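Summary of the model geometry
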Amino acid sequence: MIKALAAAMLFASMTALGGCASVFADLPGVGVPADAPERPKEAGGYLPVHDIPPDRSEQAIKPAEQAKIESELIAARERQASTAAQNSAGK
């Protein structure tokens, strides 16, 4: 009974002190580093999720390089398929 009461008191004090952490963080020299940027006066709104970046002026990958990668992937897929067929036939 005493252990449960002590645990409850410890939990209550931790919860109460946890709420004070935000108050102490605003005090100079206590919780905020000296080189921290200043907090904005007003809370910011939502992030601009509908702002789309402009289209690229050049392609991300050249067509010849893309064709080479695709052919390598097709060859790897065929090697795996043949290996799988050999393994299933051998069982």
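So, here is what we can say about the structure in this document. Just so we're clear, the structure is a prediction, and the values are computed from it rather than from any experiment.

**Thoughts on the overall build of the chain**
For the chain, the count of helices and strands is two helices and zero strands. Counting every position in the chain, which comprises 91 residues, the buried fraction comes to 1%. Roughly 9,100 Å² of accessible area belongs to the chain as shown, and the carbon and sulfur atoms make up 64% of that amount.

**Regarding a nonpolar patch on the surface**
Nonpolar side chains collect at one region of the surface, where I61, I69 and L73 lie side by side and expose about 240 Å² of accessible area between them. The topology assignment puts I69 in helix α2 (residues 63-90). Judged by its relative accessible area of 34%, I69 falls in the partly exposed class.

Rules of the game
- Note that residues are indexed from 1 along each chain, following the sequence as it is written.
- At least 70 in pLDDT is required for a residue's local features to be given in this predicted model, at least 80 for side-chain atom pairs to be given and counted, and no such filter applies to totals for whole chains, interfaces and linings, which use all residues.
- In computing side-chain values, all of the structure's heavy atoms are included and hydrogens and water are not.
- Put simply, DSSP H or I for four residues or longer makes a helix, DSSP E for two residues or longer makes a strand, and each gets a number counted from the N terminus.
- Throughout this description, buried means an accessible area under 20% of the type-specific maximum (1.4 Å probe, protein chains only), exposed means over 50%, and partly exposed covers the range between.
- Surface accessibility follows the Shrake-Rupley procedure with a 1.4 Å probe radius. Residue values consider only the protein chains on display as shielding.
- Residues enter a patch when their relative accessible area is above 30% and they make no salt bridge; the linking distance is 9 Å between like charges and 5 Å between nonpolar side chains (Val, Leu, Ile, Met, Phe, Trp, Tyr).
- Any carboxyl oxygen of Asp or Glu that lies within 4 Å of a side-chain nitrogen of Lys or Arg is treated as forming a salt bridge with it.

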